[in-house]
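# Examining the three-dimensional arrangement
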Amino acid sequence: MSKLRKIEKRITELKKEIASKHEDVLNGAIRSGGIVTQGQLDKMVESENRKPKNELDILEGERQFIVDQKEPLWMKIIWNIVAPIIIAVVTTVITNNLLK
């Protein structure tokens, strides 16, 4: 399995884990029978998900780095230089035609 696939699989697992921890905290608050405010609930969820979210951020950064490396140079040139020039020219032409 490639490194990119491993990272994407782990990202999916972490997202599921974060969602399930949110449900677990909510169910625990309901079972406790006490009154829990939304702010308290958010703090509880945040403290439970701190480590998985940090790992998720790191993995998403690694994934983006790998994807960026795989992108060929000519595509980067087109999207970063040629496309903005074309959009600027088209916008200028349309604006000039509307102002006449």
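To be clear, the structure that these remarks concern was listed above.
Residues numbered from 1 in each chain as written. Predicted model: local features only at pLDDT ≥ 70, side-chain atom pairs only at ≥ 80, totals over all residues. Heavy atoms only, no water.

## A closer look at helix α1 (residues 3–32)
- For α1, with 30 residues, the first-to-last C-alpha span of 43 Å sits near the 44 Å given by 1.5 Å per residue.
- Considering only its buried residues, α1 is in contact with α2 (38–70).
- Taken from the residues just after α1, Gly33 is the one with a positive phi, measuring 80°. (Helix = DSSP H or I, 4+ residues; strand = E, 2+ residues; numbered from the N terminus. Expected span 1.5 Å × (residues − 1). Contact = heavy atoms within 4.5 Å.)

## Some words on helix α3 (residues 73–99)
- With 27 residues, α3 should cover 39 Å at 1.5 Å per step; its first-to-last C-alpha distance of 39 Å lies within 8% of that length.
- Taken as a whole, α3 carries its principal kink of about 35° at Val82; the proline Pro84 stands between one and four residues after it. (Bend = angle between axes of the 7 residues up to and from the residue.)

## A look at the nonpolar core
- Ranked by size, the top nonpolar core spans eight residues in total: Leu4, Ile7, Ile11, Leu14, Ile18, Leu56, Leu59 and Ile66.
- Within the residue set of this core, elements represented by two or more residues are α1 and α2.
- Counting residues per element, this core draws most heavily on α1, at five residues.
- Other than its neighbours up to four places away in sequence, Leu4 contacts Arg63, Ile66, Val67 and Lys70. (Core = buried A, V, L, I, M, F, W, Y, C linked by side-chain atoms within 4.5 Å. Buried < 20%, exposed > 50% of the residue type's maximum accessible area, 1.4 Å probe, protein only.)

## Details of the packing of α1 against α2
- In contact at an axis separation of 9 Å, α1 and α2 are set at 165° when each is read in the N-to-C sense. With respect to α2, the axis of α1 lies roughly antiparallel. α2 is crossed by α1, and the crossing has left-handed handedness.
- Looking at side-chain class alone, the contact of α1 with α2 contains 16 nonpolar, two polar and 13 charged residues. (Axes fitted to C-alpha atoms, helices over the stretch in contact; angles between N-to-C directions. Parallel < 35°, antiparallel > 145°, perpendicular 65-115°, else oblique. Left-handed = near helix turned anticlockwise from the far one by under 90°. Nonpolar A, V, L, I, M, F, W, Y, C, P; charged D, E, K, R; others polar.)

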